[in-house]
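Each chain is listed here by its residues.
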Amino acid sequence: VEQRYHRIINHRNYNPRIIEFVCNPKRYQTVQANQFYAFIKKHLDNPSEMWKDEYDDRLQPEDRILLQTVYSLTTTTINAEVVQQCFDRRISKIPTIDKTVDQFSRALERLNDGFIKILDNRGSREISMHNPSVNDFMDGRLQRNNAERTELLSSICMPNQLRLLPEATRIAYVANLLRNG
């Protein structure tokens, strides 16, 4: 039992949210006691199901937009001011989002230590995904959900966001942006 505990907490995808997810009685009620470790390990090895549940059912629209924005900018870390600039541009095009409150700070606070991490880089605030599996989840999700990807691409404000486009279509996309001002 002790070795299993150490394997869980030392797993590369270990995250308290994953443990919370698998420890929810509605998730494990059909799992036999002798299979519970395998159940936890399966979710640590492939946490996409957990991220999907959180993303679809628990996050606010602004939280999902912030995650999409961070993902679009980097797979490592990015300056928080750059993220805020792109986030603000994205929500400016969505009339249903209340802009009388600081949506960026609110979403950042809700996502911190779950989906994302806020880092201090010599006095500069940087943002990264909390776990590489979040990037994997976002990648798969945006590949499958054309509407979500199209909406994200419609608000690109930094060149590194072009990485979301297949290489073959980047030049045409940029040319179209330049043509349309």
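Refer to the structure printed above.
Residues numbered from 1 in each chain as written. Predicted model: local features only at pLDDT ≥ 70, side-chain atom pairs only at ≥ 80, totals over all residues. Heavy atoms only, no water.

**Considering helix α7 (residues 80-92)**
So, point 1. The terminal C-alpha atoms of α7, which comprises 13 residues, lie 18 Å apart, in line with the 18 Å expected from a rise of 1.5 Å per residue.
So, point 2. Contact partners of the buried residues in α7: α6 (61-73), β1 (77-79), α8 (103-111), β3 (124-129) and α10 (146-153).
So, point 3. The backbone nitrogen of E81 lies 2.7 Å from a side-chain oxygen of the residue at the head of α7, namely N79. (Helix = DSSP H or I, 4+ residues; strand = E, 2+ residues; numbered from the N terminus. Expected span 1.5 Å × (residues − 1). Contact = heavy atoms within 4.5 Å. Polar contact = N/O pair within 3.5 Å; in protein donor to acceptor, adjacent residues only side chain to side chain.)

**Considering the sheet that holds β3**
So, point 1. What the three strands build is an open sheet, ordered β1-β3-β2; its pairing is antiparallel. The two strands at the open ends of the sheet, each matched to only one other strand, are β1 and β2 (116-121). This sheet shows a mean twist of 35 degrees between the axes of neighbouring strands, independent of strand direction.
So, point 2. Across three bridges, β1 lies against β3 in antiparallel orientation. Looking at β3, one finds that N79 is bridged to E126.
So, point 3. Strands in contact with α6 are β1, β2 and β3; relative to β3, the strand with the most contacts, it is inclined by about 95 degrees. (Pairing = 2+ DSSP bridges. Axes fitted to C-alpha atoms, helices over the stretch in contact; angles between N-to-C directions.)

**Concerning helix α4 (residues 36-45)**
So, point 1. Buried within α4 we find Y37, F39, I40, H43 and L44. All buried residues of α4 fall inside an arc of 160 degrees around its axis, so they share one side. (Buried < 20%, exposed > 50% of the residue type's maximum accessible area, 1.4 Å probe, protein only. Arc of directions from axis to C-beta.)

**Thoughts on the packing of α6 against α7**
So, point 1. Across the interface, α6 lies against α7 with an axial gap of 9 Å and an inter-helix angle of 130 degrees. It follows that α6 is oblique to α7 by the angle criterion. Relative to α7, the crossing made by α6 is right-handed. Residue-level contacts link E62, I65, L66, Q68, T69, V70 and L73 of α6 to V82, V83, C86, F87, R90 and I91 of α7. (Parallel < 35°, antiparallel > 145°, perpendicular 65-115°, else oblique. Left-handed = near helix turned anticlockwise from the far one by under 90°.)

**Describing the packing of aromatic side chains**
So, point 1. Taken as a whole and assessed by the stated rule, the structure comprises five aromatic pairs.
So, point 2. Taking 5.6 Å as the distance between ring centres and 75 degrees as the angle between the ring planes, the aromatic pair formed by Y28 and F36 counts as edge-to-face.
So, point 3. For Y28, a relative accessible area of 31% puts it in the partly exposed group.
So, point 4. With 5.4 Å between their ring centres and 65 degrees between their planes, Y55 and F137 make a pair best called edge-to-face. Of this pair, Y55 sits in helix α5 (residues 48-57) while F137 sits in helix α9 (residues 132-144), placing them 82 residues apart in sequence.
So, point 5. A relative accessible area of 3% places F137 in the buried class.
So, point 6. Cluster of aromatic residues (ring-pair linked, three or more members): Y28, F36 and F39.
So, point 7. Lying across the ring of Y71, R163 places its NZ or CZ 4.9 Å from the centre. (Phe/Tyr/Trp six-rings, centres within 6.5 Å; stacked < 30°, edge-to-face > 60°. Lys NZ or Arg CZ within 6 Å of the ring centre and 35° of its normal.)

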